[in-house]
Amino acid sequence: MMMEAIAITRFSASSTPLLIRSMATQKPTPSATSTISSKKTATVFPLGEKGPRPSNSTSTPAVKLLTRVEQLRLLTKAEKAGLLSAAEKSGLSLSTIERLGLLSKAEEFGFLSAATDPGTPSALFSLSLGLLVLGPACVYLVPEDYPWQIGLQVVVALLSVVGGSAAFGASNLVSNLQKLK
């Protein structure tokens, strides 16, 4: 340390010695209690997998869809907006949904369980951004030499705007359903 101070003293304009301290300081080592956490683990036997796997019990609590629908008063809002009467006029009633087995098909395809998945809102938001970028990109990149190319631009732009808007709305809806209150 003294050699560095002497070397700096020789090259400095003033004759006062300048001490240089190390910029890197040693951090205290963490104690054993702060590095080791007590996480409770449980054994889970998932369907479709060969064997058990450990699962952390500190995961986020399950989303209760019907409770959130009730808290947000979504059915009241749909009724006031006239969505239920419009659906009934078009032939979609509860008996039709039951007869066609739409709820079991929705569960079979994973739509209902996707509403409880924490990654669904971000995936839908990413899809909406991709679709909303696709429309202008198609209009910009596809030449306008033939009428079918203009038709392609119109169809892709309309589908991307409708699909992107629907995905954005669905992302917002699922996000609101998953918020814990």
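Residues numbered from 1 in each chain as written. Predicted model: local features only at pLDDT ≥ 70, side-chain atom pairs only at ≥ 80, totals over all residues. Heavy atoms only, no water.

K.L.:
Looking at this structure, I do not really get the overall build of the protein chain. What am I missing?
P.N.:
Secondary structure assignment for the protein chain yields 10 helices and 2 strands. Order of helices (α) and strands (β) in the protein chain, N terminus to C terminus: α-α-β-β-α-α-α-α-α-α-α-α. Put simply, the protein chain has 181 residues, and 15% of those count as buried. Counting contacts in the protein chain only where the partners sit at least 6 residues apart, residues at least 24 apart contribute 49% of the total. (Helix = DSSP H or I, 4+ residues; strand = E, 2+ residues; numbered from the N terminus. Buried < 20%, exposed > 50% of the residue type's maximum accessible area, 1.4 Å probe, protein only. Contact = heavy atoms within 4.5 Å.)

K.L.:
Whenever I open this one, the packing of aromatic side chains confuses me. Can you help?
P.N.:
Aromatic ring pairs are described here by two measures, namely the spacing of the ring centres and the angle between the planes. According to the stated counting rule, one finds 2 aromatic pairs in the structure shown. Taking 5.9 Å as the distance between ring centres and 50° as the angle between the ring planes, the aromatic pair formed by Phe125 and Phe168 counts as tilted. One end of the pair, Phe125, is in helix α9 (residues 120–141); the other, Phe168, is in helix α10 (residues 147–178), with 43 residues separating them in the sequence. For Phe168, a relative accessible area of 46% puts it in the partly exposed group. (Phe/Tyr/Trp six-rings, centres within 6.5 Å; stacked < 30°, edge-to-face > 60°.)

K.L.:
Just to check I follow, could you spell out a nonpolar patch on the surface for this structure?
P.N.:
On the surface, a nonpolar cluster with roughly 260 Å² of combined accessible area is contributed by Leu92, Leu100 and Leu102. By the secondary structure assignment, Leu102 is in helix α7 (residues 102–108). (Patch = residues over 30% accessible without salt bridge, like charges linked within 9 Å, V, L, I, M, F, W, Y side chains within 5 Å. Areas by Shrake-Rupley, 256 points an atom, 1.4 Å probe, with all protein chains shown as cover. Salt bridge = Lys/Arg side-chain N within 4 Å of Asp/Glu carboxyl O.)

K.L.:
Please clarify how the UniProt feature "transmembrane region" (unreviewed entry) in the protein chain should be interpreted in this entry.
P.N.:
Taking the UniProt record as the reference, the feature "transmembrane region" (unreviewed entry) is found at residues 123–142 and 148–174. Secondary structure across residues 123–142 divides into 95% helix and 0% strand, with the first and last C-alpha atoms of the span separated by 28 Å. As a span, residues 148–174 carries 100% helix and 0% strand, and end to end its C-alpha atoms are 38 Å apart. (UniProt positions renumbered as here; feature names shortened; annotations may be inferred.)

K.L.:
Would you take a moment to explain the pattern of salt bridges for this structure?
P.N.:
A side chain of one charge can pair with a side chain of the opposite charge if their charged atoms are brought near each other. Throughout the structure, instances matching the rule amount to 1 salt bridge. Ionic pairing is found between Lys105 and Glu108, a salt bridge with its closest N-O pair at 3.9 Å. Remark: Glu108 and Lys105 occur in helix α7; sequence separation between them is 3 residues, near one turn of the helix. Given the relative accessible area of 56%, Glu108 is considered exposed.

K.L.:
How should unusual backbone geometry be read in this particular structure?
P.N.:
Phi is mostly negative for residues that are not glycine, and the peptide bonds are mostly trans. Unusually for a residue other than glycine, Arg73 sits at a positive phi of about 55°. If you trace the backbone, Arg73 turns up in the loop between α3 (65–72) and α4 (74–81).

K.L.:
What exactly am I supposed to notice about the packing of α9 against α10 here?
P.N.:
In helix packing, the relevant descriptors are the interaxial angle and the interaxial distance, both defined with respect to the helix axes. At their nearest, the axes of α9 and α10 sit 7 Å apart, and the two run at 165° to each other. Classified by the interaxial angle, the pair formed by α9 and α10 is roughly antiparallel. With respect to the hand of their crossing, α9 and α10 are arranged in left-handed fashion. Taken together, the residues of the contact of α9 with α10 break down into 17 nonpolar, 11 polar and no charged. (Axes fitted to C-alpha atoms, helices over the stretch in contact; angles between N-to-C directions. Parallel < 35°, antiparallel > 145°, perpendicular 65-115°, else oblique. Left-handed = near helix turned anticlockwise from the far one by under 90°. Nonpolar A, V, L, I, M, F, W, Y, C, P; charged D, E, K, R; others polar.)

K.L.:
Would you take a moment to explain the side chain of Gln153 for this structure?
P.N.:
With respect to the helices, strands and loops of the structure, Gln153 is situated in helix α10. Here Gln153 falls in the buried class, since its relative accessible area comes to 6%. Those residues in contact with Gln153 that sit more than four places away from it in its chain are Cys138, Val139, Val142, Pro143 and Glu144.

K.L.:
Would you explain the environment of Leu158 in this entry?
P.N.:
Along the chain, the position of Leu158 falls in helix α10. Counting along the chain gives 23 residues from Leu158 to Gly135, while the straight-line C-alpha distance between them is 7.4 Å.

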